[in-house]
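Coordinate analysis (summary)
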Amino acid sequence: MALVGLTAATTFNAQASYDDFGCGWQDDCPLNGVPWLNIDNDTRVNLIQLEGARKNLALPRLPVPPDFTRSRSYHFGFIGYNDLPHPTATPSTENTTPAPVAETSFSKMSQTLGVDTSSWEHDQDAENRHISNNLQSVEQFFAALLDDPTIKPEDRHHLAVWRGNIFLNSYDKADSRLPVEAFDIEPGSHTAAFSDYLRGANVFYLGDFVEANSLFTALQKSSQPWVAETSSYMLMRVALNKSTVKATDEYGMFDATKIDTGAASEARDYANAYLATWPEGRYADSARGLLRRINWYLQDWQQLAPLYEKALAQAPDVDSLHKVISELDDKFQSRDSFGNYEPFISDAQAPMLTFTQTLRWLRNNQGQNKSYEVTRENLDSLKPIFASAELQPYWSFLENAWLYYHEGNYAAVIEATPSINLLASSDLLAFSQQVLHGDALAAQKQWPEALAHWKHLLGLTQSVEQQQYIQLNLAAVMVNNQQPEAIFAADSPVTNLRYRSLVLKTAAPKALLQQQATHGVNDEEKTIALHTLLMRDLMVGDYEGYDTDKSLRRHITKPVTLEAFNDVNLDIFNWNGERAEKGYFCASLDDTVKTLIARKTDAHALNCLGEFFRNTAAHIDTEAEGGGNDLLGDAIAKPALSNSPDRQAYYQQIINDPKAEPEDKTYALYRAVMCYSPSGYNDCGGEEVKPETRKHWFTVLKTKYKGNQWEKLLSYYW
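Keep in mind that this is a model prediction, so the values were computed, not measured. (Residues numbered from 1 in each chain as written. Predicted model: local features only at pLDDT ≥ 70, side-chain atom pairs only at ≥ 80, totals over all residues. Heavy atoms only, no water.)

Some details on the overall build of the protein
So the rule is basically this: Helix and strand labels come from DSSP, where a helix needs a run of H or I of at least four residues and a strand needs a run of E of at least two; each type is numbered from the N terminus. By definition, residues are in contact when any of their heavy atoms lie within 4.5 Å. Note on areas: Shrake-Rupley with a 1.4 Å probe; residue coverage comes only from the protein chains shown.
Each helix and strand counted, the protein has 30 helices and 0 strands in total. In the protein, the share of contacts with a sequence separation of at least 24, taken over all contacts with a separation of at least 6, comes to 67%. Working note: accessible area of the protein is about 31900 Å², and carbon and sulfur atoms make up 49% of it.

Quick look at the structure:
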């Protein structure tokens, strides 16, 4: 996909799910989408497009090639999130601890406190409550010590060493977690507050949540600001961890249905209390994220919808937005796809979630999954949500999408989405309305009107991504209108080689292939056209045409040798008969073709043409252009031109030819049977023949030609 990807969320330490079949956007499980609010986009794609446009954020995108006329790499197909170049983003705040103190380095603080931390390393395998026992939280503790002028230097040192012992021995219940040496602590002092905080942290990491709660509760009113705020935050984490004790089995598998709801409710109260006291506190972002988790534990969907809507609005950068959206999809918006949960329909306090979810339901209504159908009544019930949020245009888009996808009322869509003469670069909604308009024209087969519409829209947008998508639609309209040659006219707006190449390979008549092999815009296009032309000549048996057309190679100034164009390597046509089956001599391809020009049914030449195809694996390969071609993909499927040679047809012709020499007939029988080896499926092209026919070929070879070299090689039929 050219637009953007989403990885699994880290907020809940769980994978996000694909809308319909539980798949997160990772390298091994990518997603795709087009640059408008299409119901077929994954919901996460629509959300990140929406919020990215509203916030004017630079989203991760496929790199734009230096020259679209020479590249086929830019697409709207599947891609992994990590494969996309990412714009520089501000790192998001750690869930469990605030960001490191920027004004001084950890090593400098450690030196001031007299603690050697040079060998300290965080346990990357830490889980659950131990995740926050990291160097970042140690650094914040050190900074708080150094910020407090009432603490004596020697006490700072002892407290720092104590915190280090907790960090280094997170899972150890022995005395190594206690201070190295005892030191006098004045009751009621800030030193005492830090000391009690460490006692609370120690028992928290040991899993003694009752004692941890008691210690942190007592510290909420501490006169030491950092201790008071951090202890209030820790009360939430204590209750949250307590709620999951029985929800994780011995293998680490988590079951949300086994949550201690009493403890989870207590954690929610603590989170709200913290945010009420420190709405912009050092742990505020973490508390908000954990508050969403708590409500998910409690399955309080009514609380979650506005929390996620707010989180989307508050995400400051792409990285934060991506994490929120991934978490949102996994835990809320697509919850019905991977658990026995009631589906989310709408929420008056969450218009953006309602909007994207309605698009999802419209998609599901296209297939068998109709757990919720967007009826006229249901659609109208959503209108007040958008009206109260002053987002009426979003409901209007939903109505048009409903008319298009649910009702098939294309005329109404066209009427409701008049053409525009100005398009802001960030107005995704307006662009999406115009795409619906163009699709509706295409659905009614109003090809001239559709062509004019897309050309007009192409002149309005400044987005490279949108421009390429419009080119895709223009190419689809031209193919559907039986005018593929218009794509290659001098004034054609379709300049992307990906689309031009796909049309050449799948929908171009011979005259157009000859034209582009001669007058293509560059050597890349000429090479694609000539390779396709020569392959089609051979595949349809136009041997005279092949002999003539191969001379068009002279129009290619410089051979295209880049790996990206291996699918159209013209050198395969230089085949000299090498690697033909041992014991069966073949002349070069050119000589074989000359024989076929003279005698089109020559059995030996037909077998050798089959050897050319078998040894070179020559075919018209659309993998380089495949995927993410939207309406153009549908359009090129209609001509149904075969892209693979049919060797089996050559063998059948020879088998049935009474004039074929035994040498050629036996080899054809051998090869015909081998077409189905070893899978039982035909890999020679053409239609599969019945097993009875394959058995007949085998039997003829074994009986009539017993002792023949090919008969000796064949022991089975498939």
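Here the narrative resumes.
Describing helix H26 (residues 630-637)
We apply this condition: Here the term buried applies to any residue with accessible area under 20% of the maximum for its type, exposed to any over 50%, and partly exposed to those in between, with areas from a 1.4 Å probe on protein chains only. As used here, the arc belongs to the directions running from the helix axis to the C-beta atoms.
Buried within H26 are the following residues: Leu632, Ala635 and Ile636. Buried residues of H26 fall within an arc of 90° about the axis and therefore sit on the same side. Where H26 is buried, its residues contact helix H19 (464-480) and helix H20 (497-506).

A few points about the state of the cysteines
For clarity, the cut-off: When the sulfur atoms of two cysteines come within 2.5 Å, that pair is taken as a disulfide.
Scanning all chains against the criterion turns up 2 disulfides. Covalently, Cys675 is tied to Cys684 through a disulfide, its sulfur atoms 2.0 Å apart. The S-S bond linking Cys675 to Cys684 shows a torsion near -105°; that makes this disulfide left-handed. With relative accessibility at 0%, the residue Cys675 sits in the buried group.

Some remarks on the packing of aromatic side chains
What characterises a pair of aromatic rings is the spacing of the ring centres plus the angle enclosed by the ring planes. For clarity, the cut-off: Here a Phe, Tyr or Trp ring, Trp counted by its six-membered ring, pairs with any other such ring whose centre lies within 6.5 Å, and the pair is stacked when the planes are under 30 degrees apart, edge-to-face when over 60, and tilted otherwise.
Inspection of the entire model under this criterion finds 40 aromatic pairs. Relative to Phe332, the ring of Tyr308 lies with its centre 5.9 Å away and its plane at 40°, an arrangement referred to as tilted. Of this pair, Tyr308 sits in helix H10 (residues 301-314) while Phe332 is found in helix H11 (residues 318-333), placing the two residues 24 residues apart along the sequence. The pair Tyr308 / Phe332 is uniform in exposure class, with both members buried.

Here's the deal with the side chain of Asp42
Which entries qualify depends on this criterion: Here a polar contact is taken to be a pair of N or O atoms separated by no more than 3.5 Å, where protein atoms must pair a possible hydrogen donor with a possible acceptor and residues adjacent in sequence count only if both atoms sit in side chains.
You can see Asp42 is positioned in the segment before helix H1 (43-55). A polar contact is formed between the side chain of Asp42 and the backbone nitrogen of Arg44, at a distance of 2.8 Å.

Remarks on the pattern of salt bridges
Stated precisely, the cut-off is as follows: Criterion for a salt bridge: a side-chain nitrogen of Lys or Arg within 4 Å of a carboxyl oxygen of Asp or Glu.
Counting across every chain of the model gives 36 salt bridges. Measuring nitrogen to oxygen at the nearest pair gives 2.9 Å for the salt bridge that ties Glu625 to Lys505. With Glu625 in the loop between helix H25 (603-616) and H26 and Lys505 in helix H20, the pair connects residues that are 120 residues apart, well separated along the chain. Judged by its relative accessible area of 0%, Glu625 falls in the buried class. According to the relative accessible area criterion, Lys505 is buried, its value standing at 1%. Beyond isolated ion pairs, a larger network of salt bridges with shared partners links Arg72, Lys505, Asp567 and Glu625.

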